[in-house]
Amino acid sequence: ADSPRFHTVLKHNTDFAGLRLDEKTVTEILLGLAEGLSIRACARVKGVNKDTVQRVLERARHHCIKALNQLLKDLQLTDCQMDELWSFIKKRVLP
């Protein structure tokens, strides 16, 4: 029998179906990545392979694309406000 840690609990019609991770681990991986952890750091903290973290991230990407495509269609917009993320890059002066 599979150990509970590696029992596939995310089944059937989800983007995370077939992962050999429990839902809590998948959630913690995604939260770690959202907080700015690198893929390697997230893998180290959760005790999984970095390829596993990349698979979770890729499946989350597909899920987000599908969700946005469903939520953001047939919009009748007259005005749109876009907030900006400002970042500063040091410009190197060449001799």
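This is a predicted model, so every value here is computed, not measured. (Residues numbered from 1 in each chain as written. Predicted model: local features only at pLDDT ≥ 70, side-chain atom pairs only at ≥ 80, totals over all residues. Heavy atoms only, no water.)

*Asks:* Even after reading the chapter, I still don't get the pattern of salt bridges, so can you show me in this structure?
*Replies:* Pairs can form between side chains of opposite charge whenever their charged atoms are close. Applying the stated rule across the entire model yields four salt bridges. We note a salt bridge from E28 to K24, for which the minimum N-O separation is 3.7 Å. Taken as a pair, E28 and K24 lie in helix 1 (residues 23-34) at a separation of four residues, close to a single helical turn. A salt bridge links R61 to E58; the nearest nitrogen and oxygen atoms lie 2.8 Å apart. In this pair, R61 and E58 are both assigned in helix 3 (residues 50-71), three residues apart and thus about one turn of the helix distant. (Salt bridge = Lys/Arg side-chain N within 4 Å of Asp/Glu carboxyl O. Helix = DSSP H or I, 4+ residues; strand = E, 2+ residues; numbered from the N terminus.)

*Asks:* What am I meant to see in the nonpolar core here?
*Replies:* The nonpolar side chains of a soluble globular protein tend to be buried with one another. Grouped together as the largest cluster of nonpolar side chains are 12 residues: F16, L19, L21, V26, I29, L33, C42, A43, V48, V53, V56 and A60. Listing elements by their share of this core, those giving two or more residues are helix 1, helix 2 (39-46) and helix 3. With near-sequence residues (within four places) excluded, A43 lies in contact with V48, N49, K50 and V53. (Core = buried A, V, L, I, M, F, W, Y, C linked by side-chain atoms within 4.5 Å. Buried < 20%, exposed > 50% of the residue type's maximum accessible area, 1.4 Å probe, protein only. Contact = heavy atoms within 4.5 Å.)

*Asks:* How should I be thinking about the environment of S38 in this particular structure?
*Replies:* As for its position among the elements, S38 is in the loop between helix 1 and helix 2. You can call S38 partly exposed: its relative accessible area is 41%. For the pair S38 and K50, spaced 12 residues apart in sequence, the C-alpha separation works out to 9.7 Å.

*Asks:* Whenever I open this one, the environment of L30 confuses me. Can you help?
*Replies:* Mapped onto the elements, L30 comes out in helix 1. Classification of L30 as partly exposed rests on a relative accessible area of 27%. In this structure the C-alpha to C-alpha distance between L30 and V53, which are 23 residues apart in sequence, comes to 8.5 Å. In this structure, L30 is in contact with F16, V56 and A60, ignoring residues within four places of it in sequence.

*Asks:* Can you help me understand the environment of D51 in this one?
*Replies:* Relative to the elements of secondary structure, D51 occurs in helix 3. Remark: the alpha-carbon pair of D51 and I39, spanning 12 residues in sequence, is separated by 8.7 Å.

*Asks:* Even after reading the chapter, I still don't get helix 1, so can you show me in this structure?
*Replies:* Working note: α-helix, 3.6 residues per turn, so residues spaced by three or four point in the same direction. Look at helix 1: 16 Å from first C-alpha to last across 12 residues, which is about the 16 Å you get at 1.5 Å a residue. The distance from a side-chain oxygen at the start of helix 1 to the backbone nitrogen of K24 is 3.2 Å, and the residue carrying that oxygen is D22. Where helix 1 terminates, the next one or two residues include G36, which has phi positive at roughly 105°. (Expected span 1.5 Å × (residues − 1). Polar contact = N/O pair within 3.5 Å; in protein donor to acceptor, adjacent residues only side chain to side chain.)

Treat this as a map of the structure, not an account of what it does.
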